[in-house]
Structures are given as C-alpha cells and as structure tokens.
Amino acid sequence: MAMAGMAACTAARADDFAPLTNAATLARFAPLPALGQPRAAAPFVQLDAMAANEFLYEGFDAAGTCIGECLLVDAETGIVALRAAGPLGRSAEWRVELPWLSQGGGALDSSIETWHGWFGLPNASRERVARDQFRLRYQRGAATPVDVVEPQHGLGDARVALGWQAGDAVMLRAMGSLPTGDADALLGGQGGGAVWADAALPLSGLWEGYLSGGAAYAVPGGALRDRQKRLIPFGGLGLRVALGQSLSLHAQLQVHGALYGDSDLKALSGIGAPLSLGGRWRFSRGFAVDLSVLEDPGVGVSPDFAVQLVLTGG
C-alpha cells in the first residue's frame with residue numbers, strides 16, 4: 001500500500017526535478033534549458049530562488065598582472081524566476097519563464113572557502129582578492145571589453161517553450177529565448193533557442209531518472225559577441241530516490257559544450273558541468289518545495305557554489 005501511494009504521488013507530478021541550468025554570468029547569452037521532464041506537465045506555477053557565488057581568476061601572474069588574456073569574475077547573484085506550464089491538447093504542453101537578477105558582491109565568500117576546506121575542494125585562487133567584492137573584468141592585450149564594478153539589477157531573458165509527447169516516457173521540446181535582459185550589464189540580452197529530448201530512464205522501485213540531450217543556438221551579442229559560439233550541444237542526467245510518500249532525494253548533472261572560442265582561458269573555452277544535489281518535500285497535495293546545493297566539478301565554467309529553493313504548486 002505504501003509503495004502504491006508513493007507511485008501515485010510521483011505520477012501526479014511529471015515535472016518533478018528541480019530546474020537546473022548554468023547560472024554563470026558569462027553563460028547568460030546561451031539559451032540552455034532546464035532538463036528532466038520526460039512527460040507532459042500538468043498545469044503548475046513555480047517560483048525559483050537561487051543565490052549563486054562565482055569566482056574566476058585566470059591569466060594573471062603572481063603579482064596580479066594580466067598576461068595577454070585575463071579574466072576576473074567575483075560576484076554573487078540572486079536569481080528569482082517565475083515559471084508556469086500547462087497542457088495543449090492531450091499530448092503537448094506550453095511553458096514560460098521570466099527571471100529577475102540582482103548581481104553584486106554578496107556575503108558568501110567566507111562560507112564558501114570554509115565549505116571547500118571541509119571537502120578538500122579547489123578554492124580557485126579566492127585568497128588573492130578581498131572577500132565580498134564585485135568585479136567583472138575581461139582583458140585581452142590592450143583591450144578591456146568588459147569592466148563592470150557597479151552592482152547590476154534587472155530582467156533576464158524571458159523564455160517560451162513547447163513540448164510534444166513522443167512516447168510514454170519521451171518528450172520532444174523546443175524553446176525560444178527573448179532578449180529582454182541588458183547585454184551591457186551581462187544580464188542576458190541575446191535571442192536564441194534550443195531543441196532537445198527528455199527521456200525517462202527504465203528504472204523501477206523507489207528509483208526514477210532521466211536522460212536528456214539537444215542543442216542550443218545563440219545569437220551573439222554584447223561585449224564578447226566576437227567570441228561567443230552560436231551552436232552549443234548539451235545533455236543531462238538525473239536520478240531520484242523516494243524516501244517516503246512526501247520526501248525524495250535527487251542528483252542532477254548538466255553538461256554543455258564550450259560557450260566561447262578563440263580563448264586560452266578555461267572559463268571561456270571549457271566544458272560546463274553544473275551539479276545539483278538536493279531533496280524535495282511534498283507538504284500537501286499539489287504543492288512541493290525543493291532545496292538543492294549546486295557545485296561546479298570543472299571549477300570555472302559554472303558558479304562554484306549556489307543554493308536553490310523552488311516552490312511548485314499546481
């Protein structure tokens with residue numbers, strides 16, 4: 001009876017994984033979608049709040065002098081996204097997303113250094129600069145196309161998506177990204193789109209999962225448009241285990257290709273792989289809350305630490 005109750009609860013919400021994308025400042029031009037919904041969604045409204053801390057320090061010598069090409073990203077970003085979804089007939093769905101971003105110095109630097117020390121994780125040269133400051137700077141030779149020191153606030157890029165059920169456990173999707181963000185402030189500002197497939201893994205018992213893959217097309221824009229890549233492949237894997245009728249734990253990994261070309265910096269030319277670990281609590285019928293911690297296994301392409309809280313109702 002308990003197993004049947006858990007199965008019914010799971011089936012009631014197909015959109016069960018917390019949304020995961022690369023929240024890095026330099027990734028905002030790329031229309032990378034959240035993955036992991038292998039079935040058409042029942043109607044829902046979702047509020048997603050994230051605090052993401054980034055630190056990148058590449059291309060400097062021991063004295064802090066730029067050597068040819070260098071990048072400094074020292075920022076903390078609060079992201080609040082409102083999402084909604086609903087059916088279109090019996091086998092299709094629509095989704096919309098509107099994000100708001102607030103980027104500044106933050107206050108998590110000390111806690112993150114302690115976290116990295118506990119688990120033996122790389123500290124990415126954080127000790128080289130003062131804590132809790134805000135700076136976005138990219139220099140190549142004598143040119144400095146990006147040098148932002150004032151906190152930034154505003155809309156990110158809105159997104160609209162459609163999905164089609166291609167089988168009991170496979171969903172085909174297409175998404176368009178609207179340039180509603182400010183490109184000069186690195187809040188978005190470029191258009192583009194993505195196509196992908198979400199497929200449920202053939203698991204049984206208390207386990208569920210998904211495998212996703214597709215490609216995004218970005219319209220270059222902003223100060224780094226001459227280095228931004230247009231076509232970006234991506235994929236994702238997620239697993240969830242139920243611990244009872246109302247509680248589950250999940251792990252997700254999203255991987256995407258390099259976002260920039262013609263650069264020796266890992267943060268620009270490396271492969272992104274944000275990792276999410278967390279849990280979901282269904283506190284009443286149709287309502288759930290997810291709490292996740294996000295890390296960057298690759299150190300440099302996605303935020304090295306973030307915490308995410310997602311409230312879903314429908």
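This structure is a prediction, so every number in the text was calculated from the model and none was measured.

1. Overview of the overall build of the protein
Then, in step 1: A count of helical and extended segments in the protein gives 3 helices and 15 strands.
Then, in step 2: Evaluated residue by residue, the protein yields a buried proportion of 49% over its 314 residues.
Then, in step 3: Long-range pairs, those at least 24 residues apart, make up 63% of the contacts in the protein between residues at least 6 apart in sequence.

2. Focus on the pairing of strand S5 (residues 143-148)
Then, in step 1: Two elements, strand S4 (residues 135-140) and S5, share 4 bridges in a ladder whose sense is antiparallel. Paired with Arg137 across the strands is Asp147, a residue of S5.
Then, in step 2: Here S4 hands over to S5 after 2 residues, with Gly141 in that stretch at a positive phi of 65°.

3. A closer look at the pattern of salt bridges
Then, in step 1: Summed over the entire model, instances satisfying the criterion amount to 12 salt bridges.
Then, in step 2: Between Arg140 and Asp262 there is a salt bridge, with the nearest N and O atoms lying 3.4 Å from each other. Of the two residues, Arg140 sits in strand S4 while Asp262 sits in the loop between strand S12 (247-256) and helix H3 (266-269), which places them 122 residues apart along the sequence.
Then, in step 3: Assessed through its relative accessible area of 27%, Arg140 is described here as partly exposed.
Then, in step 4: You can call Asp262 exposed: its relative accessible area is 55%.
Then, in step 5: In this structure, the salt-bridge partner of Arg240 is Glu208, at a minimum N-O distance of 2.4 Å. Separated by 32 residues along the polypeptide, Arg240 in strand S11 (residues 231-242) and Glu208 in strand S10 (residues 207-218) bring together distant segments of the chain.
Then, in step 6: Taking relative accessible area as the criterion, Arg240 reaches 5% and is therefore assigned buried.
Then, in step 7: Residue class for Glu208 comes out partly exposed when judged on its relative accessible area of 26%.
Then, in step 8: One salt-bridge network, in which partners are shared between bridges, spans Glu69, Arg140, Arg227 and Asp262.

4. Let's talk about empty space enclosed by the protein
Then, in step 1: Counted under the stated rule, the structure contains 8 cavities of 30 Å³ or more.
Then, in step 2: What the largest cavity holds in volume is close to 670 Å³.
Then, in step 3: Along the walls of the largest cavity sit 36 residues, with Thr21, Leu32, Arg83, Glu97 and Arg159 positioned nearest its centre.
Then, in step 4: The greatest single-element share of the lining of the largest cavity, amounting to 5 residues, is contributed by strand S3 (residues 92-104).
Then, in step 5: Residues belonging to the lining of the largest cavity are distributed by class as follows: 21 nonpolar, 6 polar and 9 charged.

5. Considering the state of the cysteines
Then, in step 1: As enumerated under the stated definition, the model contains 1 disulfide in all.
Then, in step 2: Covalently, Cys66 is tied to Cys70 through a disulfide, its sulfur atoms 2.1 Å apart. Across the S-S bond of Cys66 and Cys70 the torsion is about -110°, and the bridge reads as left-handed.

6. Comments concerning unusual backbone geometry
Then, in step 1: Non-glycine residue Leu186 carries a positive phi angle of around 60°.
Then, in step 2: With respect to the helices and strands, Leu186 occurs in the loop between strand S8 (170-177) and strand S9 (192-200).
Then, in step 3: Overall, the relative accessible area of 14% leaves Leu186 in the buried class.
Then, in step 4: Phi is positive for Asp262, close to 55°, though the residue is something other than glycine.

7. A closer look at the side chain of Arg95
Then, in step 1: For Arg95, the position within the fold is in strand S3.
Then, in step 2: Residue classification places Arg95 among the buried positions, given a relative accessible area of 13%.
Then, in step 3: In this structure the side chain of Arg95 is engaged in a polar contact, spanning 2.6 Å, whose partner is the side chain of Glu93.

8. Topic: the environment of Gly257
Then, in step 1: Positionally, Gly257 belongs in the loop between S12 and H3.
Then, in step 2: Separated by 26 residues in the primary sequence, Gly257 and Leu231 have C-alpha atoms spaced 8.8 Å apart.

9. Section: the confidence of the model for the protein
Atomic detail in the predicted coordinates should be set aside for any region of low pLDDT.
Then, in step 1: Mean pLDDT over the protein stands at 87; residues scoring 70 or higher make up 86%.
Then, in step 2: Segment residues 1-14: pLDDT under 50, and 21 contacts once partners within four positions in sequence are set aside and those in other chains are kept.

10. A look at the nonpolar core
Then, in step 1: Within the largest apolar cluster, 33 residues are counted, with the highest numbers of intra-cluster contacts made by Leu71, Leu136 and Leu259.
Then, in step 2: Listed by contribution, the elements that provide at least two residues to this core are strand S2 (66-88), S4, S5, S9, S10, S11 and H3.
Then, in step 3: Not counting the four nearest positions on each side in its chain, Leu136 is found in contact with Thr25, Leu72, Val73, Ala75, Gln103, Val146, Asp147, Val148 and Leu186.
Then, in step 4: One finds Met50, Ala52, Leu101 and Leu187 within the second-largest nonpolar core, a separate group that totals 10 residues.

11. Looking at the packing of aromatic side chains
Then, in step 1: For the coordinates displayed, the defined rule picks out 7 aromatic pairs.
Then, in step 2: A ring pair is formed by Phe55 and Tyr57, whose centres lie 6.3 Å apart and whose planes are at 10°; its orientation type is stacked.
Then, in step 3: For Phe55, a relative accessible area of 4% puts it in the buried group.
Then, in step 4: By relative accessible area, which is 18% here, Tyr57 ends up buried.
Then, in step 5: Between the aromatic rings of Tyr57 and Phe60, the centroid separation amounts to 4.5 Å while the plane-to-plane angle is 20°, which identifies the pairing as stacked. In this structure, Tyr57 and Phe60 share a single accessibility class: buried.
Then, in step 6: Site record: aromatic cluster; members linked through ring pairs are Phe55, Tyr57 and Phe60.

Rules behind the numbers
- Residues numbered from 1 in each chain as written.
- Predicted model: local features only at pLDDT ≥ 70, side-chain atom pairs only at ≥ 80, totals over all residues.
- Heavy atoms only, no water.
- Helix = DSSP H or I, 4+ residues; strand = E, 2+ residues; numbered from the N terminus.
- Buried < 20%, exposed > 50% of the residue type's maximum accessible area, 1.4 Å probe, protein only.
- Contact = heavy atoms within 4.5 Å.
- Pairing = 2+ DSSP bridges.
- Salt bridge = Lys/Arg side-chain N within 4 Å of Asp/Glu carboxyl O.
- 1 Å grid on protein atoms, 1.4 Å probe; cavity = no way out; pocket = protein on both sides within 12 Å on 5 of 7 lines; lining within 4 Å.
- Points joined across faces, edges and corners; volume = space filled by probe spheres on them.
- Nonpolar A, V, L, I, M, F, W, Y, C, P; charged D, E, K, R; others polar.
- Disulfide = S-S within 2.5 Å.
- Polar contact = N/O pair within 3.5 Å; in protein donor to acceptor, adjacent residues only side chain to side chain.
- pLDDT = per-residue confidence, 0-100.
- Core = buried A, V, L, I, M, F, W, Y, C linked by side-chain atoms within 4.5 Å.
- Phe/Tyr/Trp six-rings, centres within 6.5 Å; stacked < 30°, edge-to-face > 60°.

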